[in-house]
Amino acid sequence: MRIGVLGTGNMADALATHWVRAGHEVLVGGRDAHRAERLAARLGGGTRHGSLDEAAGFGAVVLAALPYGAGTEVVAGVRASLAGRVLLDCSNPVGPGFRLLTDGGPSAARRLADAAPGARVVKAFNLCHEDVWRTTPPVFDGRPLAVPVCGDDGEALARVAELVRDTDCTPLTGGGLDRAGLLEATAALFIGLWVGEGADAQAIVPPLAFATGPAEDVLPQP
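Residues numbered from 1 in each chain as written. Predicted model: local features only at pLDDT ≥ 70, side-chain atom pairs only at ≥ 80, totals over all residues. Heavy atoms only, no water.

Some remarks on the layout of surface pockets
Here is step 1: One number sums up the size of the largest pocket: a volume of about 1,100 Å³.
Here is step 2: Lining the largest pocket we find 34 residues, and of these Arg143, Ala146, Phe190, Gln202 and Val205 sit closest to its centre.
Here is step 3: Of all the secondary-structure elements, those providing two or more residues to the lining of the largest pocket are helix 7 (130-133), strand 10 (143-144), strand 11 (146-151), strand 12 (170-175) and helix 9 (180-196).
Here is step 4: Residues of the lining of the largest pocket, tallied by class, amount to 24 nonpolar, six polar and four charged.
Here is step 5: Volume-wise, the second largest pocket comes out at about 650 Å³.
Here is step 6: Around the second largest pocket, the lining is made up of 29 residues, and of these Met11, Ala65, Leu66, Pro67 and Glu130 lie nearest the centre.
Here is step 7: Mapped by element, the contributors of at least two residues to the lining of the second largest pocket are helix 1 (10-21), helix 4 (70-77) and helix 9.
Here is step 8: Split into classes, the residues belonging to the lining of the second largest pocket amount to 17 nonpolar, nine polar and three charged. (1 Å grid on protein atoms, 1.4 Å probe; cavity = no way out; pocket = protein on both sides within 12 Å on 5 of 7 lines; lining within 4 Å. Points joined across faces, edges and corners; volume = space filled by probe spheres on them. Helix = DSSP H or I, 4+ residues; strand = E, 2+ residues; numbered from the N terminus. Nonpolar A, V, L, I, M, F, W, Y, C, P; charged D, E, K, R; others polar.)

What to know about unusual backbone geometry
Here is step 1: For the bond running from Thr136 to Pro137, omega is -10°, close enough to zero to count as cis.
Here is step 2: Relative to the helices and strands, Pro137 is located in the loop between helix 7 and strand 9 (139-140).
Here is step 3: The residue Phe125 is not glycine, and still its phi comes out positive at about 65°.
Here is step 4: Mapped onto the fold, Phe125 is located in the loop between strand 8 (120-123) and helix 7.

Examining the sheet that holds strand 12
Here is step 1: With respect to topology, eight strands assemble into an open sheet ordered 3-2-1-4-5-8-11-12, the strand pairing being mixed. For this open sheet the edge positions go to strand 3 (48-50) and strand 12, each flanked by a neighbour on one side alone. Sheet twist, expressed as the average angle between the axes of neighbouring strands with direction ignored, equals 25°.
Here is step 2: Across five bridges, strand 11 lies against strand 12 in parallel orientation. Each bridged residue has a counterpart across the sheet, and for Cys150 the counterpart in strand 12 is Gly175.
Here is step 3: Here helix 2 (residues 33-43) sits on the sheet in contact with strand 2 (25-29) and strand 3, set at roughly 170° to strand 3.
Here is step 4: This element, helix 6 (residues 108-115), spans strand 4 (61-64), strand 5 (86-89) and strand 8 of the sheet and lies at about 165° to strand 8. (Pairing = 2+ DSSP bridges. Axes fitted to C-alpha atoms, helices over the stretch in contact; angles between N-to-C directions. Contact = heavy atoms within 4.5 Å.)

Details of the side chain of Thr8
Here is step 1: In this fold, Thr8 is placed in the loop between strand 1 (2-6) and helix 1.
Here is step 2: Using a relative accessible area of 15% as the deciding quantity, one classes Thr8 as buried.
Here is step 3: Sequence-distant contacts of Thr8, that is, excluding residues within four places in its chain, are made with Val28, Gly29, Gly30, Arg35, Ala36 and Leu39. (Buried < 20%, exposed > 50% of the residue type's maximum accessible area, 1.4 Å probe, protein only.)

Examining the nonpolar core
Here is step 1: Of all hydrophobic cores here, the largest spans 33 residues; its most connected members are Leu88, Phe125 and Trp133.
Here is step 2: For this core, the secondary structure elements donating two or more residues are strand 1, helix 1, strand 2, helix 2, strand 4, strand 5, strand 11 and helix 8 (154-165).
Here is step 3: Ranked by residues supplied to this core, first place goes to helix 1 with seven residues.
Here is step 4: If we skip the residues at most four places from it in the chain, Trp133 touches Met11, Ala14, Leu15, His18, Phe125, Cys128, Leu145, Val147 and Cys169.
Here is step 5: Listed in part, the 23 residues of the second largest apolar core include Ala55, Val62, Ala64 and Leu87. (Core = buried A, V, L, I, M, F, W, Y, C linked by side-chain atoms within 4.5 Å.)

Structure, rendered in structure tokens:
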């Protein structure tokens with residue numbers, strides 16, 4: 001698969017490393033040509049570098065590894081090149097005090113979709129720190145990491161699910177793009193628990209077998 005990467009930061013590095021290793025063709029695009037060149041060299045595997053517009057027009061999938069706020073400006077600037085392509089958004093609109101910056105408005109993913117109406121936007125990879133994505137494989141307590149994926153286009157979702165599996169993670173159906181805001185709000189909550197409180201976010205949910213309450217055979221007897 002051909003993958004364009006918009007951005008040269010940590011998320012671009014962490015995710016693209018897996019995809020280059022899996023044999024995909026990658027082109028890194030950035031505003032700073034030298035940073036794009038350095039990242040491409042670090043990724044190896046024949047990774048190319050170029051402008052943001054070149055990255056947007058390169059891949060069947062284009063990763064928007066961009067900070068919230070800057071993303072819509074960048075995507076709007078290359079919207080013509082993104083037409084028909086899968087645009088993968090991994091951003092988190094989380095600000096000081098672990099506040100959700102979208103504040104009841106459209107999600108970050110929806111704003112990208114509005115900025116590039118010809119693209120097929122998918123939300124994924126936003127729930128973990130970039131260094132978690134560098135883990136090979138990302139398996140914790142014997143369980144591979146699961147990645148919720150939200151989007152409206154079946155082919156786009158299938159392509160992103162393949163890229164999730166290439167990171168040794170398990171894709172989970174998260175619903176349509178209208179549910180991307182829930183993923184972003186979940187990230188704000190989890191980051192607040194992890195970073196703000198030093199708490200284990202996994203402790204707030206029961207195991208799947210108990211998701212609807214304990215089975216009758218384990219209920220206390222009157």
